[in-house]
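# Structural overview
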Amino acid sequence: MKIAIFGAGQLAMMMIQADKDKKHDFIVIDPNPNPPASHYAEHIQTEYDDATTLNKIANDCEVATIDFENVCVDAMRKLEKTIPVHPSSHALEICQDRLKEKSLFKKLDIKTTEYYPINNSNDLEKHIDNNKSYILKSRRFGYDGKNQYRIIPNKKIETDLTKKECILEEFVDFDAEVSLICVRSLTGNIFYYPLVENSHTNGILSMSICPSSYSNLQADAEEISRRLLESMNYVGVLVVEFFVSKGNTLIANEMAPRVHNSGHWTIEGANISQFLAHINSISGELNNDLSIDYMPSVMFNILSEHISNKKMNMLKNDYDVFLHDYHKAERKDRKLGHITHISKNRDELIQNMDAILDIL
Ligand code: AMP
């Protein structure tokens, strides 16, 4: 099958690498020069809504997907008239806008933090209670903690974020952050990986552990995600991010309509990676009898600076580790690669994790 991927970052790269038997041909579209996936597939270097490119994809490809959720929804809607696009423009439209996403949570009776739409600084004054903490987030184009401002009780608010459309969220004093990686087939079968526990540094994911210490919440997470997947008639991988409250309940934070950084461990840690699961589902090849198996795994993001050969050799000498390099130049807070470690059991994993962190 010929598959177009809008966005040619490391997620597209790992989707292409997952097709080990080379069953498919890939074309990647990305306005940037030399993105990670361009080393593995034909790269069209244009904007995502370029008319000539959309026509070429409609003529040459059988299905399209994304590695970047902020592609132009109208362009995907146009493409959808000719070939299937998964996730659909409808799902993308919801996931690109925090207000639409939260409204869907509410409609489906999914617990989320209290939130208020904010269109100007007057709205902000109207909703703020000086004794509470909040996070102000732009409705669109916020990822890795970008376009967010923390509001602290009785502290002067200094932000120009309200020039954009925003939502104001009550701050959640959570115990942990977890994500559920789900995949839904063209025929509506849904498969779930075990909940992953995530740690962030400056709003950017730094480490993911699977299984999490919240397996008691797995059934709730699956039920919530099933409602979301079915309501959007979603096909492919969807990741739902949650806070675990102090009372041990799930509070939905946001959704990623694509493969996700918290699922990178599945390449070595599961019998089917999130990348292959996504490609198989959009191409109609996801096995209906699939049962997801995994080994305890931890993933560390390599941010800002590459890891030296010396450190990598030290890690390889003592642990089962796998390095993924995204072929990117160093830049502050940039995701340059990741390392996965897998272990026989969770206790050993946690012990090794601390030792690996010391070396990193
Ligand atoms: P997001 O882009 O919504 O995933 O936010 C990035 C990170 O900011 C999350 O992973 C949390 O660590 C933190 N965060 C976001 N929203 C809230 C909230 N309402 N309460 C507490 N922390 C939050």
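Residues numbered from 1 in each chain as written. Predicted model: local features only at pLDDT ≥ 70, side-chain atom pairs only at ≥ 80, totals over all residues. Heavy atoms only, no water.

## Quick word on the state of the cysteines
Structurally, a disulfide amounts to a covalent bond that connects the sulfur atoms of two cysteines. Applying the stated criterion across every chain, the model contains zero disulfides. Here Cys72 is not cross-linked by a disulfide; its sulfur's nearest cysteine counterpart is in Cys95, at 16 Å. Cys182 supplies the cysteine sulfur nearest to Cys95, a cysteine that is in no disulfide, at a spacing of 11 Å. Look at Cys95 and you get buried, because its relative accessible area is 8%. (Disulfide = S-S within 2.5 Å. Buried < 20%, exposed > 50% of the residue type's maximum accessible area, 1.4 Å probe, protein only.)

## Considerations on the packing of helix α2 (residues 51–60) against helix α3 (residues 73–80)
Packing of α2 against α3 leaves a shortest axis separation of 10 Å and a crossing angle of 35 degrees. Seen along the crossing, α2 lies across α3 with a hand that is right-handed. From α2, Ala51, Leu54, Ile57 and Ala58 reach across to α3, where they touch Ala75, Lys78 and Leu79. Of the residues in the contact of α2 with α3, the class split is six nonpolar, no polar and one charged. (Axes fitted to C-alpha atoms, helices over the stretch in contact; angles between N-to-C directions. Helix = DSSP H or I, 4+ residues; strand = E, 2+ residues; numbered from the N terminus. Left-handed = near helix turned anticlockwise from the far one by under 90°. Contact = heavy atoms within 4.5 Å. Nonpolar A, V, L, I, M, F, W, Y, C, P; charged D, E, K, R; others polar.)

## Side note on the environment of Leu229
Within the secondary structure, Leu229 sits in helix α7 (residues 218–231). Sequence separation between Leu229 and Phe322 is 93 residues; the distance between their C-alpha atoms is 32 Å. Aside from chain neighbours lying at most four places away, what touches Leu229 is Cys182, Arg184, Ile190, Tyr234 and Leu238.

## Concerning the packing of aromatic side chains
Overall, the coordinates contain four aromatic pairs when judged by the stated rule. Arranged with centres 4.9 Å apart and planes meeting at 5 degrees, the rings of Phe174 and Phe243 form a pair that is stacked. Within this pair, whereas Phe174 is found in the loop between β8 (166–170) and β9 (176–184), its partner Phe243 is found in strand β13 (residues 236–244), the two being separated by 69 residues in sequence. For Phe243, a relative accessible area of 9% puts it in the buried group. Aromatic side chains Trp265 and Tyr294 sit 6.4 Å apart centroid to centroid with 80 degrees between the ring planes, which places their arrangement in the edge-to-face category. In this pair, Trp265 sits in the loop between β14 (250–256) and α8 (266–269) while Tyr294 sits in the loop between α9 (274–282) and β15 (297–303), placing the two residues 29 residues apart along the sequence. Residue class for Trp265 comes out buried when judged on its relative accessible area of 0%. Taking the relative accessible area as the measure of exposure, Tyr294 reaches 35% and is therefore partly exposed. (Phe/Tyr/Trp six-rings, centres within 6.5 Å; stacked < 30°, edge-to-face > 60°.)

## Digging into the side chain of Ser343
With respect to the helices and strands, the residue Ser343 is situated in the loop between β17 (335–342) and α11 (346–359). Looking at Ser343, its side chain comes within polar contact range of the side chain of Glu348, at 2.8 Å. Residues within four places of Ser343 in sequence aside, it is in contact with Met295, Pro296, Glu348, Leu349 and Asn352. (Polar contact = N/O pair within 3.5 Å; in protein donor to acceptor, adjacent residues only side chain to side chain.)

## Thoughts on the sheet that holds strand β1 (residues 2–6)
Across the sheet, which stays open at both edges, the four strands sit in the order β3-β2-β1-β4 with parallel pairing between neighbours. If you trace the sheet from one side to the other, it starts and ends with β3 (42–44) and β4 (63–66), each paired once. Looking at each pair of strands side by side, their axes are set apart by 25 degrees on average, direction ignored. Bridge count between β1 and β4: four bridges; the pairing is parallel. If you follow Ala4 over to β4, its bridge partner there is Ala64. With respect to the sheet, α9 is in contact with β1, β2 (25–29) and β4, its orientation differing from that of β4 by roughly 145 degrees. (Pairing = 2+ DSSP bridges.)

## Here's the deal with the pattern of salt bridges
This structure, assessed with the given rule, holds 21 salt bridges. A salt bridge links Lys56 to Glu42, with the shortest nitrogen-to-oxygen separation between them at 4.0 Å. Of this pair, Lys56 sits in helix α2 while Glu42 sits in strand β3, and the two are 14 residues apart along the sequence. For Glu223, the salt bridge goes to Arg226, with nearest N and O atoms at 3.1 Å. Pair noted here: Glu223 and Arg226 are both in helix α7, with a separation of three residues, about one helical turn. A residue is classified by how much of its surface remains accessible, and Glu223, at 32% relative accessible area, is partly exposed. Accessibility expressed as a relative area gives 29% for Arg226, which makes it partly exposed. (Salt bridge = Lys/Arg side-chain N within 4 Å of Asp/Glu carboxyl O.)

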